[in-house]
Amino acid sequence: LMVGRESEPFFVEGPNGVATKVDLPTVSEQLLQLGVDVPVNAKWTVQAGPLVRRWHGGLIDSARTPTPLGVGLRVDHADETRPQFGRLDLEWNQRYKRASAHFSLLTRTPIAQFTSTIRAGATSVETPYSQWFLLGGTDGFPGLNVGESIGTWTASYMLDAARHLYG
């Protein structure tokens, strides 16, 4: 069960390609999902079930449209704290469809440790604005404010390098 009320940043491209922040109406969103969480084995988990998502505000106000009934599916390989992690999310209902995938792989070398992350996803424009995709995911993207580049599809690769300097 999720209930949310938030004001999300939205940016439009102005003269000379400069991004300008625009205030959107506050988004109110409610989600009710029932289902099963099935561990397939030590590394794989499947979650599936019906859901109801209702929202109003944001880019597309859905206050006068029927509340969409749908289904959600999530398939996880390991969890986000493991060296190798993968996730596939699907949501389908009467008003929109959304799919996303995320895969991360940690590689340790004598020089540094490297984490490769691949993200891809797509959704329809009728999807609540809070379910659109941020460039770089929740990690953001260098040189942009979080939310500055948001859209109905995404594809990205991120390489993170880390090395202990002391200790």
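Residues numbered from 1 in each chain as written. Predicted model: local features only at pLDDT ≥ 70, side-chain atom pairs only at ≥ 80, totals over all residues. Heavy atoms only, no water.

J.: What's the story with the overall build of the chain in this structure? I'm lost.
T.: Counting its regular elements, the chain contains zero helices and 13 strands. Ordered by position from N to C terminus, the α and β elements of the chain give β-β-β-β-β-β-β-β-β-β-β-β-β. In the chain, which comprises 167 residues, the share counted as buried stands at 29%. Within the chain, contacts between residues at least 6 apart in sequence are counted, and of these 44% link residues at least 24 apart. Of the roughly 11,000 Å² of accessible surface on the chain, 59% is carried by carbon and sulfur atoms. (Helix = DSSP H or I, 4+ residues; strand = E, 2+ residues; numbered from the N terminus. Buried < 20%, exposed > 50% of the residue type's maximum accessible area, 1.4 Å probe, protein only. Contact = heavy atoms within 4.5 Å. Areas by Shrake-Rupley, 256 points an atom, 1.4 Å probe, with all protein chains shown as cover.)

J.: So what exactly am I meant to see when it comes to the pairing of strand 6 (residues 44-56) here?
T.: It is a general feature of regular strands that their side chains alternate between the two faces of the sheet. Alignment of strand 4 (residues 27-33) against strand 6, held across six bridges, turns out to be antiparallel. Pairing of Leu31 across the sheet is with Arg53, part of strand 6. Here strand 5 (residues 36-39) runs beside strand 6; their pairing, made up of four bridges, is antiparallel. The partner of Pro39 across the bridge, within strand 6, is Thr45. Counted between consecutive antiparallel strands, the loop separating strand 5 from strand 6 contains four residues. Relative to strand 7 (residues 69-77), strand 6 is paired through nine bridges, and the arrangement is antiparallel. Note that in strand 7 the partner of Gln47 across the bridge is Arg74. (Pairing = 2+ DSSP bridges.)

J.: Which parts of the structure should I look at to understand the environment of Gly72?
T.: By the secondary structure assignment, Gly72 is in strand 7. The exposure class of Gly72 is buried, given its relative accessible area of 8%. For the pair formed by Gly72 and Gly49, sequence separation is 23 residues and the distance between their alpha carbons is 5.6 Å. For Gly72, the residues in contact, after removing those within four places along its chain, are Gln33, Gln47, Ala48, Gly49, Leu51, Leu90 and Glu91.

J.: Can you help me understand a nonpolar patch on the surface in this one?
T.: Together, Phe103, Leu105, Ile118, Tyr157 and Leu159 line one region of the surface with nonpolar side chains, adding up to about 480 Å² of accessible area. Those elements that provide at least two residues to the nonpolar patch are strand 9 (97-108) and strand 13 (153-162). With respect to the helices and strands, the residue Leu159 is situated in strand 13. (Patch = residues over 30% accessible without salt bridge, like charges linked within 9 Å, V, L, I, M, F, W, Y side chains within 5 Å. Salt bridge = Lys/Arg side-chain N within 4 Å of Asp/Glu carboxyl O.)

J.: Explanation requested: the pattern of salt bridges in the structure shown.
T.: Pairing is possible between side chains of opposite charge, provided their charged atoms come close. What the rule picks out here adds up to four salt bridges. Among the ionic pairs, Arg53 bridges to Glu29, the shortest N-O distance being 2.5 Å. In this pair, Arg53 is assigned in strand 6 and Glu29 in strand 4, connecting sequence segments 24 residues apart. Because the salt bridges share partners, they merge into one network encompassing Glu29, Arg53 and Glu91.

J.: Before we go on, may I ask you to explain the side chain of Thr154 in this structure?
T.: Tracing the chain through its elements places Thr154 in strand 13. Thr154 gets classed as buried once you look at its relative accessible area, which sits at 12%. Contacts of Thr154, omitting those with residues within four sequence positions, involve Arg119, Ala120, Gly121, Phe133 and Leu134.

J.: Looking at this model, I keep getting lost on the side chain of Asp76. Mind explaining?
T.: With respect to the helices and strands, Asp76 occurs in strand 7. At a separation of 2.7 Å, a polar atom in the side chain of Asp76 contacts the side chain of Arg87. If we ignore the near neighbours within four places in the chain, the residues touching Asp76 are Lys43, Trp44, Thr45, Phe85, Gly86 and Arg87. (Polar contact = N/O pair within 3.5 Å; in protein donor to acceptor, adjacent residues only side chain to side chain.)

J.: For this particular structure, what's the right way to read the environment of Thr26?
T.: Mapped onto the elements of the fold, Thr26 is located in the loop between strand 3 (19-23) and strand 4. Thr26 gets classed as partly exposed once you look at its relative accessible area, which sits at 33%. A C-alpha to C-alpha distance of 8.4 Å links Thr26 and His56, two positions 30 residues apart in sequence.

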